[in-house]
Amino acid sequence: MAPATESPAALLEMRGIEKSYPGVRALDGVDLTVREGEVAALVGENGAGKSTLIKILAGAQHMDRGEIRLGGAPVRVDSPSDAMELGIRVIYQEFNLVPQLTVMENIFLGREPTKAGLVDFRRMEAECAGLLDRVGAEARPRDLVGRLSVAQQQLVEIAKALSQDARILVLDEPSATLTERELDRLFGLIRDLRDHGVGMIYISHRLEEIFEIADTVTVLRDGAHVITAPTSSLTREDIIRHMVGRELKDHIPSTTAHTAGEALRVEGLTRRGHFHDVNFVVREGEIVALAGLVGSGRTEVARAIFGADPVDAGRILVSGQEARIASPRDSISHGIGLATEDRKSQGLVLGLGVSANVTLADLRAISRRGLLSRTLESRAADEYIDQLKIRTPSRAQLVRLLSGGNQQKVVLAKWLFTDSKVLILDEPTRGIDVGTKTEIYSLMNDLCDRGKAILMISSELPEILGVAHRIYVMREGALVGELAREDATQERIMDLATGGSNG
Amino acid sequence: MSPVPPANTEATSPEERSVAALRRKEALSRFALAGTLVFLCALFALTTHNHVFMKSTNLINVASQSAINTIIAVGMTFVIVTGGIDLSVGSIVGLAAVFSTGVMVGGLGFTIGQYRVDLLPQLPGVGGVLIGLGAGLTVGALAGLFNAMSIVRFRVTPFIATLAMMLIARGAGHLYSVEPIRGVPPAFIWIGQGRWLGIPIPVYLALTVVVIGWAVLSKTPFGRRVYAVGGNEEAARLSGIPVGRTKLLVYVASGLCAATAGTVLAAQLQAGDPKLGNAYELDAIAAAVLGGTSLMGGRGTILGTVLGALIIGVLDNGLTMLHVSSFAQMVIKGLVILGAVILDQARQRP
Ligand SMILES: Nc1ncnc2c1ncn2[C@@H]1O[C@H](COP(=O)(O)OP(=O)(O)OP(=O)(O)O)[C@@H](O)[C@H]1O
Ligand SMILES: [Mg+2]
């Protein structure tokens, strides 16, 4: 099925890979070929089986049937350490870092440099600093990983994968948490590795990236192999059509704001060391975006408004009334909801089912006379499973077993279900496939039409430009500008976000 | 890959077949525990002299002996599902036993100089029994509240906080009375030794606690919060769940369950001995864990715990009937718990 080209010899060949989970046929005869110095993109809708294929390659899951060849010879990858030995490095979609350890301890976990039988922390720190520099991370070797932002953690993951020589490097949605600048850096790195003959598998839902970096594209749909072709032979529309199996317009539907009263006003909000003197307004029926580089304080502002973190100064007004918010519970009772960017640690109870997670933030809505009503719970879950196309064998399926993008949808569903007046969405479409993205945008538009206020944090400029009615830009913990949709361009936003240095 | 449509009639596609397989696996694991119980009963029925194990008198005995542990284990299950642990329950059993009987026979009061201040009167008959029971349960709830305060307010880990309470409650019981308190009223003894329709009252009490515990954990918003807090505390907090209050309530519930067990035990023995309940926390934890409750939090059911408690009760009773020495019993019980948990974990793996 691979195209017959006379490019370099196949480094990695996966043939007829099959894998089933209870209730789910995750892979149904998938082929993937990667040549030396080639970037093979793997695309498909949420739950199409991309991560599963990668986990099999990494020895984290066992295939039911199929064959893996490396440099022409069949290999067995029964465990992650087998994969390591074969030179297969994986950057997982869900991080595998130990939050309680420092950056350098994570990077060198299990193979710490030693001197006279003891860990040589000096050398570890020096090597680690070099790696962090190479990937452009701001994190320092001795920082605790649990304290880092998601983007920094992502960069640490990449540094970790690069800390040992790789023959095959797999990147499962590395860009989902990065902004343009970090992404440029990452692409530089990928090109560099490519020149050194490393074969790479690149997974992303952002098709622009695929066209920028990938040599070939493999499309999966419902666990089946649809097509493998050189990137240059495909258009964006081709790829989407192969992914969803039909024509799909993936333009962002834009609406006009029907703004009414003020829904949320923030005055002089300050949290020392994170952001200072932040002032802004979100009106009913309006989608406002908070743009900025990773680390500019957007997430911190959102968490502070939501009461997840304490503030040092400032006022929050909901519908013109000052709201005293000391905890998420307070803000929820004022009608504010926050869908966090980090779904696994902050958004979901992985050991509970889909329906329990969807309804978690508003248990009262599914209770009758003090008892949970299965009927109401199921109805709520089914509604969002349908609306957001959450791919799950049943509404009782443990969220832990869903694909990354489908987990993200569950987080969104949870907050849509609360019917909040003000919805703060931190990277709402991270890791979500193109089709569903469009779905989510129209959902946001619907909410606006119904008079809700939405504050969206996003690192994807096209998304911001397409969806938001108004844009605030943050830089280094301060609001540095406001743009109306009509005046906003990628360049102007980046100008503000970087202070003009990096237009 | 595609989500399986619900309510299908014929299992034909691979997905549907594997869903069916999943259902079977779930059902199997649920019956594995019950199966173990049945197996043990059959084993003891065959090996005991004249099959006395299966005699209804003995089965009633088993139920009655398991009642105390079941009551404690229900509270323990709530605590463990939140990701905590309660090591103080055994000591609370002793404290509640001695305190409730003490108040029953002597009221509660103290003397300053020549004045005696009565906080609780000593009443004859049922009134006195009720006051004593109320006092015992209150002290258990307070001990639980104290645990919760250390854990929620001062962020002491549950293990340490309840370890401290284990000492405090045991010490307090002995300070209250070194000697067992005797001469309790017949109405009180009835709670431990009485029967209705041939079945001992403690069994009914245990059943009541089980039903309440089951309903609360699986049918109420509070129960859902308990799972959420244990499954992912931060996500629970960010979903607006009152994490502190939820934890507080489970430790109070655990204290209450332990105190209930303490008063029942005192009634069975017709005396409030401050030494009662020694090491009972271990049986309660074992029952919960046998029943599939995860010490990591977020997972567990009351039904499982009941089966766990029954397995322990059957083992205790059966092995005693076979004249297995108490030390050998400990070895066997330890191995059974280990085996059950290993099996359970194997089952959990995807
Ligand atoms: N351990 C598991 N148990 C049960 N089902 C699983 C398990 N792991 C994955 N699945 C299911 O297999 C399917 C494929 O999942 P996979 O993670 O490979 O998707 P993906 O293509 O990476 O999606 P995404 O874009 O959302 O990351 C999904 O439907 C998912 O629910
Ligand atoms: Mg994935």
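What you see is a predicted model; the values in this text were computed from it and never measured.

Definitions and cut-offs
Residues numbered from 1 in each chain as written. Chains lettered and ligands numbered in written order. Predicted model: local features only at pLDDT ≥ 70, side-chain atom pairs only at ≥ 80, totals over all residues. Heavy atoms only, no water. Helix = DSSP H or I, 4+ residues; strand = E, 2+ residues; numbered from the N terminus. Buried < 20%, exposed > 50% of the residue type's maximum accessible area, 1.4 Å probe, protein only. Contact = heavy atoms within 4.5 Å. Areas by Shrake-Rupley, 256 points an atom, 1.4 Å probe, with all protein chains shown as cover. Rg over C-alpha atoms; globule rule 2.2 N^0.38 Å. Lys, Arg positive; Asp, Glu negative; His and termini not counted. Charge placed at Lys NZ, Arg CZ, Asp CG, Glu CD. Salt bridge = Lys/Arg side-chain N within 4 Å of Asp/Glu carboxyl O. Polar contact = N/O pair within 3.5 Å; in protein donor to acceptor, adjacent residues only side chain to side chain. Nonpolar A, V, L, I, M, F, W, Y, C, P; charged D, E, K, R; others polar. Near = heavy atom within 4 Å. Core = buried A, V, L, I, M, F, W, Y, C linked by side-chain atoms within 4.5 Å. Pairing = 2+ DSSP bridges. Axes fitted to C-alpha atoms, helices over the stretch in contact; angles between N-to-C directions. Parallel < 35°, antiparallel > 145°, perpendicular 65-115°, else oblique. Left-handed = near helix turned anticlockwise from the far one by under 90°. pLDDT = per-residue confidence, 0-100.

Undergrad: A description of the overall build of chain B should follow, citing residues and the corresponding values.
TA: Within chain B, the secondary structure is distributed over 13 helices and four strands. Within chain B, the proportion of its 350 residues that are buried is 51%. Considering only contacts within chain B whose residues lie at least 6 apart along the sequence, 73% involve residues at least 24 apart. Of the roughly 16500 Å² of accessible surface on chain B, a fraction of 69% belongs to carbon and sulfur atoms.

Undergrad: I'd like a description of the overall build of chain A, backed by residues and values.
TA: In terms of regular secondary structure, chain A is built from 17 helices and 24 strands. Here the C-alpha radius of gyration of chain A, 23 Å, is about what a compact globule of 503 residues would show, namely 23 Å. Reported as C-alpha extents along the three principal axes, the dimensions of chain A are approximately 70 × 55 × 45 Å. Across chain A, the fraction of contacts at a sequence separation of at least 24, relative to all contacts at a separation of at least 6, is 67%. With an accessible surface of roughly 19900 Å², chain A has 46% of that area assigned to carbon and sulfur atoms. Distance from the positive charge centre (61 side chains) to the negative charge centre (72 side chains) of chain A: 5 Å.

Undergrad: Go over the interface of chain A and chain B, please, and point to the residues and values.
TA: Contacts between chain A and chain B engage 42 residues on the former and 28 residues on the latter. For the interface between chain A and chain B, the tally reads two salt bridges. With a shortest N-O distance of 3.8 Å, Arg303(A) and Glu234(B) are connected by a salt bridge. The interface formed by chain A and chain B holds nine residue pairs in polar contact (both at pLDDT 80 or more) in total. For the side of chain A that touches chain B, the secondary structure elements donating two or more residues are β2 (24-35), α9 (298-306), α10 (328-333), α11 (343-347), β20 (371-372), α13 (374-387) and α14 (404-417) of chain A. No other element matches the four residues that α11(A) contributes to the side of chain A that touches chain B. Along the lines of polarity and charge, the residues of the side of chain A that touches chain B split into 21 nonpolar, twelve polar and nine charged.

Undergrad: Summarise the site of ligand 1; cite the residues concerned and give the values.
TA: Taken together, 22 residues lie around ligand 1, and Gly47(A), Ser51(A), Thr52(A), Ser403(A) and Gly405(A) are the ones closest in. More than one chain lines the surroundings of ligand 1; the residues nearby belong to chains A and B. In the model, an oxygen atom of ligand 1 is placed 3.0 Å from a nitrogen or oxygen of the Asn46(A) side chain. In this structure, Lys50(A) approaches ligand 1 through a main-chain N or O atom, which is 2.8 Å from an oxygen atom. Here ligand 1, which alone exposes 640 Å², has 96% of that area covered by the protein. Looking at the shell around ligand 1, the elements that each hand over two or more residues are β2, α1 (50-57) and α14 of chain A. A per-class count over the shell around ligand 1 returns seven nonpolar, twelve polar and three charged.

Undergrad: Just give me the short version of the nonpolar core, but keep the residues and values in it.
TA: Core analysis: the biggest nonpolar cluster contains 88 residues, and Phe78(B), Phe188(B) and Val314(B) have the highest contact counts within it. Per element, the largest residue contribution to this core is twelve residues, and it comes from helix α2 (residues 56-81) of chain B. With residues up to four places along the chain from it excluded, the contact list for Phe78(B) reads Gly213(B), Val216(B), Leu217(B), Phe222(B), Val226(B), Val250(B) and Ile302(B). Formed by 81 residues, the second largest nonpolar core is a distinct cluster that contains Val266(A), Leu350(A), Leu425(A) and Cys448(A).

Undergrad: Could you give me a rundown of the sheet that holds strand β4 (residues 65-70) of chain A, with the residues and numbers involved?
TA: Residue and element names in this part refer to chain A. In spatial order, the strands read β2-β1-β4-β5; together these four strands make up an open sheet with antiparallel pairing. Whereas interior strands pair on both sides, the edge strands pair on one side only; in this sheet they are β2 and β5 (73-74). Summarising the sheet, strand β1 (residues 10-21) and β2 pair through nine bridges and their orientation is antiparallel. Residue pairing across strands places Lys19 opposite Leu27, the latter belonging to β2.

Undergrad: Break down unusual backbone geometry for me, with residues and values.
TA: Residue and element names in this part refer to chain A. Of note in this structure, Arg369 is not a glycine but carries a positive phi near 50°. Relative to the helices and strands, Arg369 resides in the loop between β19 (367-368) and β20. The class for Arg369 is exposed, based on a relative accessible area of 81%. Phi is positive for Glu476, which is not a glycine, with a value near 45°. By secondary structure assignment, the location of Glu476 is in the loop between β23 (470-475) and β24 (478-484). By relative accessible area, Glu476 is classed as exposed at 67%.

Undergrad: Lay out the pattern of salt bridges in plain terms, naming residues and giving numbers.
TA: All names here are of chain A. On inspection of all chains with the given rule, the structure shows 45 salt bridges over all chains. A salt bridge links Arg15 to Glu13, with the nearest nitrogen and oxygen atoms 3.2 Å apart. Between Asp309 and Arg271 there is a salt bridge, with the nearest N and O atoms lying 3.6 Å from each other. Taken together, the residues span a long stretch of sequence, with Asp309 in the loop between α9 and β16 (313-318) and Arg271 in strand β13 (residues 262-271) at a distance of 38 residues. Residue Asp309 is classed as buried on the basis of its relative accessible area of 17%. One salt-bridge network, held together by shared partners, links Glu262, Arg265, Glu267, Arg315 and Glu322.

Undergrad: An account of the environment of Thr47(B) is requested, with residue identities and associated values reported.
TA: All names here are of chain B. Inspection of the secondary structure puts Thr47 in helix α1 (residues 14-47). Along the sequence, Thr47 and Thr263 sit 216 residues apart, while their C-alpha atoms lie 35 Å from each other. At 2.7 Å, the side chain of Thr47 and the backbone oxygen of Leu43 are in polar contact.

Undergrad: Quick rundown of the side chain of Asn106(A)? Include the residues and the values.
TA: All names here are of chain A. When you line up the elements, Asn106 lands in helix α3 (residues 103-107). A polar side-chain atom of Asn106 sits 2.7 Å from the main-chain amide nitrogen of Val98. In contact with Asn106, not counting residues within four places along its chain, are Leu97, Val98, Leu101, Val145 and Lys160.

Undergrad: I'd love a proper account of the sheet that holds β16(A), names of residues and values included.
TA: Residues and elements named next belong to chain A. Spatially, β14-β13-β16-β17 is the arrangement adopted by the four strands of the open sheet, whose pairing is antiparallel. The sheet is open, and its two edges are formed by β14 (275-283) and β17 (321-322), each paired on a single side. Pairing geometry for β16 and β17, over two bridges, is antiparallel. Note on β17: the bridge partner recorded for Val318 is Gln321.

Undergrad: Would you mind going over the pairing of β16(A) in detail, with residue names and values included?
TA: Residue and element names in this part refer to chain A. In the sheet, β13 pairs with β16 via five bridges, with the strands oriented antiparallel. Bridge pairing links Arg265 to Leu317 in β16. Counting the residues that bridge the hairpin from β16 to β17 gives two residues, and of these Ser319 lies at a positive phi of roughly 50°.

Undergrad: Account for the packing of helix α11 (residues 280-290) of chain B against helix α12 (residues 302-321) of chain B, with residues named and values stated.
TA: For any two helices packed against each other, one specifies the inter-axial angle together with the distance between the axes. All names here are of chain B. Packing of α11 against α12 brings their axes to within 6 Å, and their N-to-C directions diverge by 120°. Accordingly, the angle class assigned to the pair α11 and α12 is oblique. Relative to α12, α11 is oriented so that their crossing is right-handed. Each of Asp283, Ala286, Ala287, Ala288 and Leu290 in α11 lies in contact with α12, whose residues at this interface are Gly304, Thr305, Gly308, Ala309, Ile311, Ile312 and Asp316. Residues of the contact of α11 with α12, tallied by class, amount to seven nonpolar, three polar and two charged.

Undergrad: Now, about the confidence of the model for chain A: what can you tell me, with residues and values included?
TA: When pLDDT is averaged across chain A, the result is 88; 95% of the residues are at 70 or more. Below a pLDDT of 50 lies the segment residues 1-5 of chain A, which in the model reaches eight contacts outside its immediate sequence neighbourhood of four places, other chains included.

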